[in-house]
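Overview (structure and organization)
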Amino acid sequence: MFEKLTRVTDVKHEIGDMAVVYRYTAGIAGERFFLEIKENARFIGTQCVKCNVTYVPPRIYCERCFENIENAWVDVGKRGVVHTYSVAYIDENGKRLDKPIVWAFIRIANGGLIHMIDEVDPKDVKIGMVVEPAFKDKVERIGSITDIKYFKPAS
Amino acid sequence: MLEVAIIGVGWAGSKSCTPDLSFQEMVYEAAVKAYADANVNPQVDVDAFISADEDYWAGYSIFEEYVPDQLGAVLKPTWHITGDGLHALINAYMMIRSNLFEVVVVESHSKASDILSYAGIIQHATDPVYVKPLGGHPFYIAGLEMRRYLYETGVSEEQCAQVVVKNKRNAIFNPNAAYPAELTVEDVLNSPYVFSPLKALEVSSTAEGAIVMVLASGDVARRLTDVPIWVRGVGWAIDTPNLDGRDWGRAVYVEVAADMAYKMAGITNPRRQIHVAEVDDKFSYKELQHVEALRLCTRGEAGELLEAGSFYVNGELPVNPSGGCLGVGNLLEACGLSRALEVVLQLRGQAQGRQVEDAKVGVAQTWRGIPTTSGAVVVLSTEG
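Residues numbered from 1 in each chain as written. Chains lettered and ligands numbered in written order. Predicted model: local features only at pLDDT ≥ 70, side-chain atom pairs only at ≥ 80, totals over all residues. Heavy atoms only, no water.

1. With respect to the overall build of chain B
- Each helix and strand counted, chain B has 15 helices and 11 strands in total.
- Its C-alpha atoms give chain B a radius of gyration of 19 Å, within 12% of the compact-globule value 21 Å for 384 residues.
- Expressed as a percentage of the 384 residues in chain B, the buried residues total 64%.
- In chain B, of all internal contacts separated by at least 6 residues, the share reaching a separation of at least 24 is 77%. (Helix = DSSP H or I, 4+ residues; strand = E, 2+ residues; numbered from the N terminus. Rg over C-alpha atoms; globule rule 2.2 N^0.38 Å. Buried < 20%, exposed > 50% of the residue type's maximum accessible area, 1.4 Å probe, protein only. Contact = heavy atoms within 4.5 Å.)

If you want it as structure tokens, here you go:
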């Protein structure tokens, strides 16, 4: 029956999809983290004194000792350090990107953020490089991780 | 102590694509083979069934509805877990150890070519508040891991490329592998960067297939088969899901899972006591990282041992003689059973052109892929 089949789409199949839309609650910790970004263009974390760990993004509980740390807010400044990075050459559809994207995990306190790095030649990005966020203008900020356009080498 | 053995295995695939078969038909083929191998009738002799899959891969909401019929499990105790097939195998082990069940069947499969939004599903698995809004193909997370792993251990890009060469070559001798190839390290290094330092040929391609295994208590196993493969230890763990809290250079989830399984199995010196290892290699560097996490060598040593030939089929510690995910194909949640299947065949002496000599104890390890830190380890042995 399928001997002469040369295309997968020639066999009987149905195309099915489903629009799935969710609303993800940032929570107490996330709300405050993003409010600080929106209003003051700075990062805050929560600190577990017992474990000597500062969470960025903040949590209301310590995932190491499970203590409640929702009142232990600390300012962690703006700068971070490139802990690891990768240059992406393809997009989510598998297409080659015209301009490769430098992704990085940027260590801030004992946590950090995933983000893009720009304003630097990808070849010059190094582990250990100190970077700072390029925020959108205040009027454009909505309280989201995308309020940060990217990180760039610290001035 | 109650003993548990694998008494039957069956599989369909692995193939890059199976346009003519529905997933039910693939599972049916694997199930019929497994029941014949175990000498059991599913409707009479099997006490319970477990299937492992992820609804998003399956493309069905509440996928457990669709598990029973192709396994001969209609109106029998059946459940479905969201996880890797190795997690299902561990569940079957616990059910039999509980002494409430004597024969339990596990199943996992992949119908990857039916998934038209593969990267989208993985992207949907990243944190929806802190990561997903940034967009991008989520395999950049593998690039981040690989960079840090190489930085911390001194393992080289050439050594990672050699994992691809070895595994795709091993797959040539595995009739169940979808992606066999004779490559050179240069071929791999010359393939384009996708998520640097990760190159195109270092990413396993998805494949299709189904694997079914029959597990039984010691008494039943000895009655039904001359070649029971004993489950000696099981372990599993998940690290934090938060990308800000995990260890980027180490597979800590496998270290923890391995310690649990080894303790149960009485393994104190894995490098000496384990004769064959099937480990997750969804990306080249993962094989080396996982071999180290399984304590089959010291941290940072895996690259050199690979270059010295230790991990080849005739080496001191063969790793992925099946071809791994790179050679057999990435079977999604069936990857773990694919690893375990090869260990079973090796310990039975049925691995034909890729048989490891005198393999009596083997380890199978899995990882659920980007962006997870979910791993499982099972120790198998010819000795009860």
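2. As for the domain arrangement of chain B
All names here are of chain B.
- If you check the domain split of chain B, you get domain 1 (4–117 + 207–229) and domain 2 (127–205 + 232–381).
- The straight-line distance from the C-alpha centre of domain 1 to that of domain 2 is 23 Å.
- Surface buried jointly by domain 1 and domain 2 totals about 2900 Å² across both partners, of which 72% is contributed by carbon and sulfur atoms.
- In terms of surface lost to domain 2, no three residues of domain 1 exceed D84, L86 and I229, which account for 22% of the buried area on that side.
- The partner of D37 in a salt bridge is R348, and the shortest N-O contact between them spans 2.8 Å.
- Looking at the side of domain 1 that touches domain 2, the elements with two or more residues in it are β1 (4–15), α4 (85–97), β4 (103–111) and β7 (208–217). (Domains from an automatic or database assignment. Buried area = accessible area lost by both parts, 1.4 Å probe. Salt bridge = Lys/Arg side-chain N within 4 Å of Asp/Glu carboxyl O.)

3. Some details on the pairing of strand β4 (residues 80–90) of chain A
Residues and elements named next belong to chain A.
- Counting buried positions over the 11 residues of β4 gives 9, a clear majority of the element.
- Pairing analysis gives 2 bridges linking β4 to strand β7 (residues 130–135), with the strands arranged antiparallel. The residue bridging V81 from the neighbouring strand is V130, located in β7. (Pairing = 2+ DSSP bridges.)

4. Here's the deal with the sheet that holds strand β2 (residues 48–52) of chain B
Residues and elements named next belong to chain B.
- The mixed open sheet is built from 9 strands, whose spatial order is β3-β2-β4-β7-β1-β8-β11-β10-β9. This sheet does not close on itself; its edge strands, each paired only once, are β3 (78–81) and β9 (276–278). With strand direction ignored, the average angle separating the axes of adjacent strands in the sheet is 20 degrees.
- Bridge analysis of β1 against β7 gives 10 bridges, and the strand direction is antiparallel. By the bridge assignment, K15 is partnered in β7 with E208.
- In the packing of helix α15 (residues 335–348) onto the sheet, contacts are made with β1, β4, β7, β8 (229–238), β9, β10 (361–367) and β11 (374–381), and the angle to β10 comes to roughly 170 degrees. (Axes fitted to C-alpha atoms, helices over the stretch in contact; angles between N-to-C directions.)

5. A word on helix α7 (residues 157–172) of chain B
Residues and elements named next belong to chain B.
- With 16 residues, α7 extends 24 Å from end C-alpha to end C-alpha; this agrees with the ideal 22 Å at 1.5 Å per step.
- The element α7 is extensively covered by neighbouring structure, given that 12 of its 16 residues are classed as buried.
- Among all positions of α7, only Q159, C160, A161, Q162, V163, V164, V165, K166, N167, K168, N170 and A171 are buried.
- Next to the buried residues of α7 lie α6 (140–153), α8 (185–190), α12 (284–293), α13 (302–307) and α14 (324–328). (Expected span 1.5 Å × (residues − 1).)

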